[in-house]
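# Examining the three-dimensional arrangement
Take a look at the letters that make up each chain.
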Amino acid sequence: MNFLATIGEFFLAFFAQTGRLSVFVGQTLAAMLRPPIYFRIIGQQIIRIGYFSLPVVALTSFFTGGALAIQIYYGGNQFNSEAIVSSIVALGITRELGPVLGGLMVAGRVSAAIAAEIGTMRVTEQIDALTTLSTNPHKYLVAPRVIAATLCMPILALIADIIGIFGGFVVGTQSFGFNAAIYVQRTINFLTVDDVTSGLIKAAVFGFIIAMMGCYNGYYSKGGAQGVGRATTNAVVSASILILAANYLMTSLLFSS
Amino acid sequence: MTVKIALSDVHKSFGPKDVLRGVNLEVETGQSVVVIGGSGSGKSVMLKSILGLLTPDNGSIKIDGRETVGMARNSRADIDHQIGMLFQNGALFDSLPVWKNVAFRAIQNDGMNETDARDLAVDALKQVELGPELLDLSPASLSGGMHKRVGLARAIASKPEIIFFDEPTTGLDPIMTDVINHLIRDCVQELGATTMTITHDMTSVRAIADKTALLYKGEIIWQGSTEALEASDDPFLNQFINGLAHGPIEVEGQQLDTAPNAEAI
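Notes on the structure in this doc start here. (Residues numbered from 1 in each chain as written. Chains lettered and ligands numbered in written order. Predicted model: local features only at pLDDT ≥ 70, side-chain atom pairs only at ≥ 80, totals over all residues. Heavy atoms only, no water.)

Moving on, we come to the overall build of chain A. Of the regular secondary structure elements, chain A holds nine helices and zero strands. Referenced to the eigenvectors of the C-alpha coordinate spread, the extents of chain A come out at roughly 65 × 55 × 35 Å. Counting across all 257 residues of chain A, residues that qualify as buried make up 45%. Considering only contacts in chain A between residues 6 or more positions apart, those separated by 24 or more positions represent 84%. A total accessible area of about 12400 Å² is found for chain A, and carbon and sulfur atoms account for 71% of it. For chain A, the distance from the average position of its 13 positive side-chain charges to the average position of its 9 negative side-chain charges is 8 Å. (Helix = DSSP H or I, 4+ residues; strand = E, 2+ residues; numbered from the N terminus. Buried < 20%, exposed > 50% of the residue type's maximum accessible area, 1.4 Å probe, protein only. Contact = heavy atoms within 4.5 Å. Areas by Shrake-Rupley, 256 points an atom, 1.4 Å probe, with all protein chains shown as cover. Lys, Arg positive; Asp, Glu negative; His and termini not counted. Charge placed at Lys NZ, Arg CZ, Asp CG, Glu CD.)

Here's what the structure looks like:
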């Protein structure tokens, strides 16, 4: 009986959480479309989310591109490796690793920061203060962060693509002695516009997820410092899981056709 | 005198816990009402219900005769615009300097330019006896007393008709408590505003109240003028205003003493 009650409680909590998240997303979308739109805050958030995430995304993609080149070289046919390393590195980085790893790194950095900031505002009554000052928190706090993250992530993914491919190029030419011109030529010949754009579309969705999870968990945090800590952890974990799930879903949709 | 704020049979529960159990209270225009009550008596929930931050389960809350329960946030914009609020810990926005905090409403809602907004902030800070040297400071660098005063400046900057004070003197030393009480009294008189203060600080009650209401277990069990407060022989009120450990009021769910005349309430 207790076991059944536990299962029941779990599902009730799950559906309540899903419903609350759906309402929150709806309110945010409405806030994004209706004026006033706080362009100055969007600009500030683009710098915080996009510009300050550049180093972590660049380093991640560089080392991932390099490691990918090593794995393909030793895992594949070493005698024909010059042909496949460049193409698979380019394909893997642009379609999957650039947006996904970039998304996960930004989720760790940005989702946590947003949840901590908004969560602290919640427990110190700053969000209530916004409301009493006739300012909609969804418009002022949530919408600018979601817009900024959704705009920034494709740009970060594009940079991750370039640096990731460059990482593979460095390893290929310096460690395995590949011809630089041939490596570049094969990369260009193999890559299609669709490979890159599919990754950028994914990145935009990941940006939306990252900011939304940060804002949602921060907005509903309670219980002082411990509650803010819990919100921060939940934001990173939920954003990471949703990024991986959304990646699978979008890969199925984009490439099955 | 017309009634500015009227609460009628307001109920609010959180799960199985009934926090407000039929609150009835009227605040007349220009009146300063102080609601006292122990921790967990429902004071903050009542205040948040009036502000529209919480929605009551039952009952009616009217401001200027307009029913606000069930009203969408957008629909009550004109009501919100005439309300100022001083939160318990100031609730100043960490990301903004003092002047942008004080002039927040004017900048965000009225589109006031930065020069005028700074002037507005200077005037509001002057009213709470703070100088312009604070304008560009971050709220994080202010002391507790300054935090409250900047919060008060923000609450009065838009010259609201109604001002709410949530525990305005909690955590302050006796001198700063007196300063804040006088500032509240002066600002309110200057603006001619209607005010509601929730507190458990009797010094504040005596300094700022025209009318006092005692909230206990989610109900207003006594209300009257400050003179009536001192003269009352109500056992609940006496226990509270004299800070007695023993009496009819249950502390933290534990009844310390059952006064024989508790049934008289």
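The subject of this paragraph is the packing of helix 1 (residues 2-33) of chain A against helix 6 (residues 137-174) of chain A. All names here are of chain A. Where helix 1 contacts helix 6, the axes come no closer than 9 Å and their chain directions differ by 90°. Taken together, the axes of helix 1 and helix 6 lie roughly perpendicular to each other. In this structure, helix 1 uses Phe24, Gln27, Thr28, Ala30, Ala31 and Met32 to contact helix 6, whose residues at the interface are His138, Lys139, Val142, Ala143, Val146 and Ile147. By residue class, the composition of the contact of helix 1 with helix 6 is eight nonpolar, three polar and one charged. (Axes fitted to C-alpha atoms, helices over the stretch in contact; angles between N-to-C directions. Parallel < 35°, antiparallel > 145°, perpendicular 65-115°, else oblique. Nonpolar A, V, L, I, M, F, W, Y, C, P; charged D, E, K, R; others polar.)

This paragraph deals with the packing of aromatic side chains. Residues and elements named next belong to chain A. In this structure the tally under the stated criterion is 22 aromatic pairs over all chains. Judged by centre distance (6.0 Å) and plane angle (45°), the rings of Phe62 and Phe166 are tilted. With Phe62 in helix 3 (residues 54-75) and Phe166 in helix 6, this residue pair connects regions lying 104 residues apart in the sequence. Among the residues examined, Phe62 registers a relative accessible area of 26% and is labelled partly exposed. A relative accessible area of 43% means that Phe166 is categorised as partly exposed. Ring geometry for Tyr73 versus Phe178: centroids 6.1 Å apart, planes at 55°, classification tilted. With Tyr73 in helix 3 and Phe178 in the loop between helix 6 and helix 7 (180-190), this pair connects stretches of sequence that are 105 residues apart. A relative accessible area of 14% means that Tyr73 is categorised as buried. For Phe178, a relative accessible area of 7% corresponds to the buried category. The structure contains a cluster of three or more aromatic residues connected by ring pairs, namely Phe62, Phe63, Tyr73, Tyr74, Phe166, Phe169, Phe176, Phe178 and Tyr183. Between the NZ or CZ atom of Arg122 and the centre of the ring of Tyr219, over which it lies, the distance is 4.7 Å. (Phe/Tyr/Trp six-rings, centres within 6.5 Å; stacked < 30°, edge-to-face > 60°. Lys NZ or Arg CZ within 6 Å of the ring centre and 35° of its normal.)

Turning to the environment of A:Ile114, a few remarks are in order. Residues and elements named next belong to chain A. As for its placement among the helices and strands, Ile114 is situated in helix 4 (residues 81-123). Linking Ile114 and Gly218, residues 104 residues apart in sequence, is a C-alpha distance of 7.1 Å. Not counting the four nearest positions on each side in its chain, Ile114 is found in contact with Ile49, Gly119, Arg145, Ala211, Gly214 and Cys215.

Attention now moves to the pattern of salt bridges. Residues and elements named next belong to chain A. Throughout the structure, instances matching the rule amount to 17 salt bridges over all chains. For Arg122, the salt bridge goes to Asp128, with nearest N and O atoms at 3.5 Å. The exposure class assigned to Arg122 is partly exposed, which follows from its relative accessible area of 21%. The exposure class of Asp128 is buried, given its relative accessible area of 10%. (Salt bridge = Lys/Arg side-chain N within 4 Å of Asp/Glu carboxyl O.)

A contiguous nonpolar patch, built from A:Phe3, A:Leu4, A:Ile7, A:Phe10, A:Phe11, A:Phe14 and A:Phe15 and spanning about 800 Å² of accessible area, is present on the exposed surface. Mapped onto the elements of the fold, A:Phe3 is located in helix 1. (Patch = residues over 30% accessible without salt bridge, like charges linked within 9 Å, V, L, I, M, F, W, Y side chains within 5 Å.)

Residue and element names in this part refer to chain A. Here Ile41 shows up in helix 2 (residues 39-50). Separated by 107 residues in sequence, Ile41 and Ala148 have C-alpha atoms that sit 9.1 Å apart. Beyond its immediate sequence surroundings of up to four residues, Ile41 is in contact with Tyr140 and Pro144.

Below, the discussion takes up the pairing of strand 10 (residues 219-225) of chain B. Residues and elements named next belong to chain B. Sheet topology note: the strand 9 (residues 211-216)/strand 10 ladder contains six bridges and is antiparallel. Each residue of the ladder has a partner; that of Tyr216, found in strand 10, is Glu219. Here strand 9 hands over to strand 10 after two residues, with Lys217 in that stretch at a positive phi of 50°. (Pairing = 2+ DSSP bridges.)

This part covers the environment of B:Leu125. Residues and elements named next belong to chain B. In this fold, Leu125 is placed in helix 5 (residues 114-127). Among the residues examined, Leu125 registers a relative accessible area of 0% and is labelled buried. Residues Leu125 and Ser138 lie 13 residues apart in sequence; the distance between their C-alpha atoms is 15 Å. With residues near it in sequence (within four places) discarded, Leu125 still touches Val98, Val102, Leu130, Gly131, Leu135, Val150 and Ala153.

Here the focus is the interface of chain B and chain A. Taken together, the contact between chain B and chain A spans 23 residues of the former and 15 residues of the latter. With both sides pooled, the region where chain B packs onto chain A buries about 1600 Å², and carbon together with sulfur makes up 53% of that total. At the surface where chain B touches chain A, the tally comes to three salt bridges. The closest approach of N and O atoms between A:Arg40 and B:Glu114, which form a salt bridge, is 3.3 Å. The tally of links from chain B across to chain A stands at five residue pairs in polar contact (both at pLDDT 80 or more). Of all the secondary-structure elements, those providing two or more residues to the side of chain B that touches chain A are helix 1 (43-51), helix 2 (77-81), strand 6 (83-86) and helix 4 (104-110) of chain B. Top contributing element to the side of chain B that touches chain A by residue count: helix 4 of chain B, with four residues. A breakdown of the residues in the side of chain B that touches chain A according to their chemical character gives 10 nonpolar, four polar and nine charged. (Buried area = accessible area lost by both parts, 1.4 Å probe. Polar contact = N/O pair within 3.5 Å; in protein donor to acceptor, adjacent residues only side chain to side chain.)

Residues B:Leu7, B:Val35, B:Ile50, B:Phe164 and B:Met196 are the most contacted members of the largest nonpolar core, which totals 78 residues. In terms of residue count, helix 6 of chain A provides more of this core than any other element does, 13 residues in total. When near neighbours in sequence (up to four residues on either side) are disregarded, B:Leu7 contacts B:Val23, B:Asn24, B:Leu25, B:Met46, B:Ile50, B:Ser60 and B:Ile61. By size, the runner-up hydrophobic cluster in this structure holds 46 residues, among which are B:Leu152, B:Ala153, B:Ala157 and B:Leu237. (Core = buried A, V, L, I, M, F, W, Y, C linked by side-chain atoms within 4.5 Å.)

The two faces of a sheet get side chains in turn, since along a regular strand they alternate between them. Residues and elements named next belong to chain B. Pairing of strand 1 (residues 3-14) with strand 4 (residues 58-63) involves five bridges; the strand directions are antiparallel. The partner of Ser8 across the bridge, within strand 4, is Ser60. With two bridges connecting them, strand 4 and strand 5 (residues 66-67) associate as antiparallel partners. Opposite Lys62, over in strand 5, you have Glu67 as the bridge partner. Taken together, strand 4 and the strand that follows it, strand 5, pair antiparallel across an intervening segment of two residues, in which Asp64 is found at a positive phi of about 55°.

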